[in-house]
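Remarks on the overall topology
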Amino acid sequence: QVQLVESGGGLVQAGGSLRLSCAASGSIFSINAMRWYRQAPGKERELVAVMTTGGGTDYADSVKGRFTISRDNAGNTDYLQMNNLKPEDTAVYYCNADFITVLGRYVRVWGQGTLVTVSS
């Protein structure tokens, strides 16, 4: 079984920063792409950032230049550094990743979400 656990959400004033973490654990053989999504109240879930297997990154236009996705050296934890936060960044943030398990299965897993609230 593979799971993702997010942490790092909270309340911050506009212009502030937060760093979200997404830790993977379980019967993992390899991790492919890892992604961060967010869902604001009354809105659809949107892709915010992605890191590919090769380390390439891509971002939603709304967060380019402010958010940075990265991965630790062990490769099991992704981070989303969020700077210059705006009230419109308020949302529940979810990480999502594609894994190959030790049994050779391909699985896509979602974390439980972490709430980010940006006050004006």
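Residues numbered from 1 in each chain as written. Predicted model: local features only at pLDDT ≥ 70, side-chain atom pairs only at ≥ 80, totals over all residues. Heavy atoms only, no water.

1. Looking at the nonpolar core
Counting 32 residues, the largest nonpolar core has Leu4, Trp36, Phe67, Leu80, Met82, Tyr93 and Phe99 as the members making the most contacts within it. Apart from residues no more than four positions distant in its own chain, Leu80 is found in contact with Leu18, Arg19, Leu20, Trp36, Val48, Ala49, Phe67, Thr68, Ile69 and Tyr93. (Core = buried A, V, L, I, M, F, W, Y, C linked by side-chain atoms within 4.5 Å. Buried < 20%, exposed > 50% of the residue type's maximum accessible area, 1.4 Å probe, protein only. Contact = heavy atoms within 4.5 Å.)

2. A word on the pattern of salt bridges
Going through the model one piece at a time under the given rule, you end up with seven salt bridges. Salt-bridge contacts for Asp78 lead to Arg71; the nearest nitrogen and oxygen are separated by 2.7 Å. In this structure Asp78 comes out as buried when scored by relative accessible area, which is 0%. (Salt bridge = Lys/Arg side-chain N within 4 Å of Asp/Glu carboxyl O.)

3. With respect to a nonpolar patch on the surface
On the surface, a nonpolar cluster with roughly 390 Å² of combined accessible area is contributed by Phe29, Val102 and Leu103. Among the secondary structure elements, Leu103 is positioned in the loop between strand 9 (91–101) and strand 10 (106–110). (Patch = residues over 30% accessible without salt bridge, like charges linked within 9 Å, V, L, I, M, F, W, Y side chains within 5 Å. Areas by Shrake-Rupley, 256 points an atom, 1.4 Å probe, with all protein chains shown as cover. Helix = DSSP H or I, 4+ residues; strand = E, 2+ residues; numbered from the N terminus.)

4. Looking at the packing of aromatic side chains
All chains considered together, the criterion is met by two aromatic pairs. A ring pair is formed by Tyr37 and Trp110, whose centres lie 4.9 Å apart and whose planes are at 50 degrees; its orientation type is tilted. Taken together, the residues Tyr37 in strand 4 (residues 28–39) and Trp110 in strand 10 connect sequence positions 73 residues apart. Relative to Trp110, the ring of Tyr94 has its centre 6.4 Å away and its plane inclined at 85 degrees; by these criteria the two rings are edge-to-face. (Phe/Tyr/Trp six-rings, centres within 6.5 Å; stacked < 30°, edge-to-face > 60°.)

5. Overview of the state of the cysteines
Evaluated as defined, the whole model comprises one disulfide. Disulfide pairing places Cys22 opposite Cys95 at an S-S distance of 2.0 Å. Disulfide Cys22 to Cys95: torsion about the S-S bond roughly 65 degrees, handedness right-handed. Within this pair, whereas Cys22 is found in strand 3 (residues 18–26), its partner Cys95 is found in strand 9, the two being separated by 73 residues in sequence. As far as burial versus exposure is concerned, Cys22 and Cys95 are alike and both buried. (Disulfide = S-S within 2.5 Å.)

6. As for the sheet that holds strand 7 (residues 67–71)
Here we have four strands laid out as an open sheet, ordered 1-3-8-7, and antiparallel in their pairing. Of all strands in the sheet, those bounded by a partner on one side alone are strand 1 (2–7) and strand 7. Neighbouring strand axes in the sheet, compared pairwise and without regard to direction, differ in orientation by 15 degrees on average. As paired strands, strand 1 and strand 3 are joined by six bridges and run antiparallel to one another. Residue Val5 lies in a different strand from strand 3, and its bridge partner there is Ala23. (Pairing = 2+ DSSP bridges. Axes fitted to C-alpha atoms, helices over the stretch in contact; angles between N-to-C directions.)

Function cannot be inferred from these measures alone, as they are strictly geometric.
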